[in-house]
Each structure stands twice: as C-alpha cells, then as structure tokens.
Amino acid sequence: MKILVVGGGGREHALVWKIAQSPKVTRIYCAPGNAGISEQATIVPIKANDLNGLLEFALQEKIDLTVVGPEDPLTQGIVDLFESKGLFIFGANRKAAEIEGSKAFAKEMMKKYHIPTAFCEIFDNRNEAVKYIRKQGAPIVVKTDGLAAGKGVIVCQTVEEAIQSVDKIMVEKIFGEAGNRAVIEEYLVGEEASYIAFTDGKTILPMASSQDHKPIFDGDQGPNTGGMGAYSPAPVVTEGVHEKIIEKILRPIIYSMGEKGRPYKGVLYAGLMIHGGYPKVLEFNARFGDPETQPVLMRMKGDIVPILEACMRGNLSQHQIEWDNRPSVCVVMASKGYPGDYEKGKIIRGLKEVSRMEGVYAFHAGTALRDGQMITNGGRVLGVTGLGEDIPRAIERTYQAVKKISWDGVHYRTDIGQKALCWL
Ligand code: AMP
Ligand code: GLY
C-alpha cells in the first residue's frame, strides 16, 4: 500500500514511524513532514491545509490510504473532498470534525445529550458576556468558539482578567472570526487526562490513556503550550473512570453525532478533568493528540493500518489492540521563547547517540536539514519518548536521552511524569 500522512509535527512522525512497521505498506509519503520524518517517508512539500494540492498529489500517486494529523484540514473538509474523488482517507469528515472546530457546537451537543462537562453559556455579544462574568465571579474560563491553534482557552483567576480576555477575543479579534462567539465556562478542579479512541461510528476501540503537560514550565507554571510532554497510561484513569468515559462520554457523543446526521468515523480525542473518580469533558478533538500520540503509539502492539482502514470501512468490531504493559514518557524539547516568538536555525547535537539507545526514540516536530546538519525549525522541536519497566524507569530513561541532546537555548520541563508517581 502507498500511504500519505498529512502534517509535519511530532504526532505525524509517530504516525509515520508506526505505519512504517506495517507489512502492508510499501511506500509512505508525508506532506509537509519534517527532517526526522524524511528518514521513514518521502517528504512532499505541500502544506497540510492546501487541500487541492494534496488531492492532486494523492490522485497522481494513486495513494491507497491518506491519514490526516492536524485539525485544520479535517475541519476544512479534506475527508469529504478525498472521498468525493474516490480516494480512501482516514479521519473525521467536515460535519463530524465540527466537534473540535466549534466549541459552542460541542458544548450544545454535550448539554443536549447529558454528557458530563463544565457548565457554560455561549455569547455572541460582548456586553452580555461581561454581565454574565460579573454575575458568576472568578475563577472562570473564557474560550474562543473556533480554532485558535490551542491558544483560545484562557483560565482567568479574576473577573477583570476574564473581561479583558473577552475583549481580546470578541472586540480585538486576536483569533479572527474564531472569536465571533465566546464560551464562558465554569472552572473545574481535578486532574487532567487525555482519552483517545478509534471509532467507525458504532464500535469504540480505545487507545491507552495518557496525560499531557500543557504549561511551559515545571509545576504547571506559565502560559499554556501545545503540550510539553506526556505519559501513558494515566493512572488517574482507573478501571472505574475508564468505564465512565466509555459509557457516559464516548458512547453517547458518537451515538448522538450519528443521530444528528454527522456520523463520526476516525479518531476522537476527549480532553478530561477527573475529580473524585468522575470525568468531565474539557474539549473534544477530531484527531490524535500531540504529544500524546508519541507515548501512546510507542506502547501499541500490532499493525495500525488495518485499524485505520476498519474505522472508515465500518468493521472495527473485528479488531482489538494489545498494549505494551510498560509505561512510556515523552519529553518535548522546545526552542527558547516558545510559546511566544522563538528562535530557529540552531544546530541540534546528540541525536546520533540517542538513536543508539534501547527503548527510546526521538520524534521530530520542528526540525530541518541545513548543509547536512539537523537544525531547529519550530517551537516544539523534538519529542523524546522512552519506555520503562515502570513509570520511574520510563522517566529515568527518557531524561537520560534528553540530556544527551542539546542546542543553544533549548528548553524542556524536568517534571514530566511526576504526577503519575503520586499514584504509586
Ligand atoms: P482545552 O483546549 O479546552 O482543553 O483547554 C486548554 C486547557 O485549559 C486545559 O487543558 C485545561 O488545563 C484548561 N481548562 C480548559 N477548560 C477548563 C475548565 N472548565 N476548568 C479548568 N481548566 C480548564
Ligand atoms: N495535546 C493536546 C492536543 O493535542 O490537543
């Protein structure tokens, strides 16, 4: 089979790495990819949101299966476009991906179908939103309705901060049209986890649980990022929590999407806040998580390609996934300045040494090659991911590898996985 993976981050490197292990696959392309991905796939210089460019390429190369990483092409309808031309593609179609593309839509669905989530009100008028915030008080959470590259959620500790956030979103329009509506949400306490599942619209085949680390600094300090590290499994997802996620969250949302004429096929990501054994939904994503995919796929046994095919063909009930019992940890290594403006073009050292280590893999996100040398080319640069017999040993091995890698201005958190240790 010829496979095309769309995207160019750490998540897509993990997908390419896993797909490359499939005996069914003869050739992998990745658009636009990155320097690390180029070791396993042919890089195609087409951007992930250039839908027509991707379509033309897939038709010309007779791609057997396209796998979509990021949310933008999904919400823009890449699946609908490819299917209309008879191409086989893995991912949520445009109507299904709205579960991620519009937070207001997701919240309305959750309200209607009694899916546990934070209480909220949705506003298209700034003054009404401000009146509501004054009535509710702080802490309170302000969310941009549309896609905002992971930056559209502001957890506000004071009423003033919440009002300023509404003004930034709805008046200054810092996220453009995505801020035409704002969701004002109750502040939830608890421990977060990511729960990602394959589905064909009927069967739900969960992946191993995981936990992301969104803030830039140790101890969850500083601004939120796309994710500074992750581990799998997340001990907060106990057997009882797992059952509640399936029965109270995933099954009803997938059923109700079907009811609404938006049959959901592909991968569904639930970002959860868990308190006292009860999970509530923070957000749904219509795609694999980044960086969660890196540690999760490292633990996945067997061939991923038949599972991807079964999601879209509708016969997922015939499949199972076996997971490596060993926990995995992914530490994101980022450029100085990220998540704000960051530096690029720094020479990365130590990758060769890490490639010789057992049970560790350095997934690339923002990297490029210049005169044969690997350089930084993005905010999140690498996701160094390791397995261990238990979580302390997975943490130790991963950080051993991280410490071998360096560049001028490198930043990473030193506490990835610590929350899991509290459960031992
Ligand atoms: P989201 O993109 O909706 O997952 O939000 C990004 C981050 O903001 C989450 O990972 C949480 O840490 C935080 N967050 C979002 N919604 C809430 C909420 N209702 N209460 C507390 N924290 C939240
Ligand atoms: N790691 C968070 C996300 O993929 O949305």
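A few points on the structure.

Calculation rules
Residues numbered from 1 in each chain as written. Chains lettered and ligands numbered in written order. Predicted model: local features only at pLDDT ≥ 70, side-chain atom pairs only at ≥ 80, totals over all residues. Heavy atoms only, no water. Axes fitted to C-alpha atoms, helices over the stretch in contact; angles between N-to-C directions. Helix = DSSP H or I, 4+ residues; strand = E, 2+ residues; numbered from the N terminus. Parallel < 35°, antiparallel > 145°, perpendicular 65-115°, else oblique. Left-handed = near helix turned anticlockwise from the far one by under 90°. Contact = heavy atoms within 4.5 Å. Nonpolar A, V, L, I, M, F, W, Y, C, P; charged D, E, K, R; others polar. Buried < 20%, exposed > 50% of the residue type's maximum accessible area, 1.4 Å probe, protein only. Pairing = 2+ DSSP bridges. Salt bridge = Lys/Arg side-chain N within 4 Å of Asp/Glu carboxyl O.

## Structural notes on the packing of helix 7 (residues 126-136) against helix 8 (residues 159-171)
So, step 1. In the contact formed by helix 7 and helix 8, the axes pass within 10 Å of each other and the chain directions differ by 165 degrees. By the angle between their directions, the pair helix 7 and helix 8 is classed as roughly antiparallel. Viewed along their axes, helix 7 and helix 8 form a crossing whose handedness is right-handed. Note on element contacts: helix 8 touches helix 7 through V159, A162, I163, V166, D167, M170 and V171, opposite R126, A129, V130, I133 and R134.
So, step 2. Considered class by class, the residues forming the contact of helix 7 with helix 8 number nine nonpolar, no polar and three charged.

## Some thoughts on the pairing of strand 15 (residues 229-232)
So, step 1. Neither face of strand 15 is left uncovered, since the one carrying G229 and Y231 and the one carrying A230 and S232 both have all their residues buried.
So, step 2. Pairing geometry for strand 12 (residues 211-212) and strand 15, over two bridges, is antiparallel. The residue bridging Q211 from the neighbouring strand is Y231, located in strand 15.
So, step 3. Both strand 15 and strand 18 (residues 328-334) contribute to a ladder of four bridges, which runs antiparallel. For Y231, the partnering residue across the bridge sits in strand 18 and is V329.

## Some details on the pattern of salt bridges
So, step 1. With the rule as written, the count across this model stands at 24 salt bridges.
So, step 2. Among the salt bridges present, the one from K143 reaches E185, with a minimum N-O distance of 3.1 Å. Here K143, found in strand 7 (residues 140-144), pairs with E185, found in strand 9 (residues 182-186); they are 42 residues apart in sequence, far enough to count as distant. Across the pair, exposure class does not vary: K143 and E185 are buried alike.

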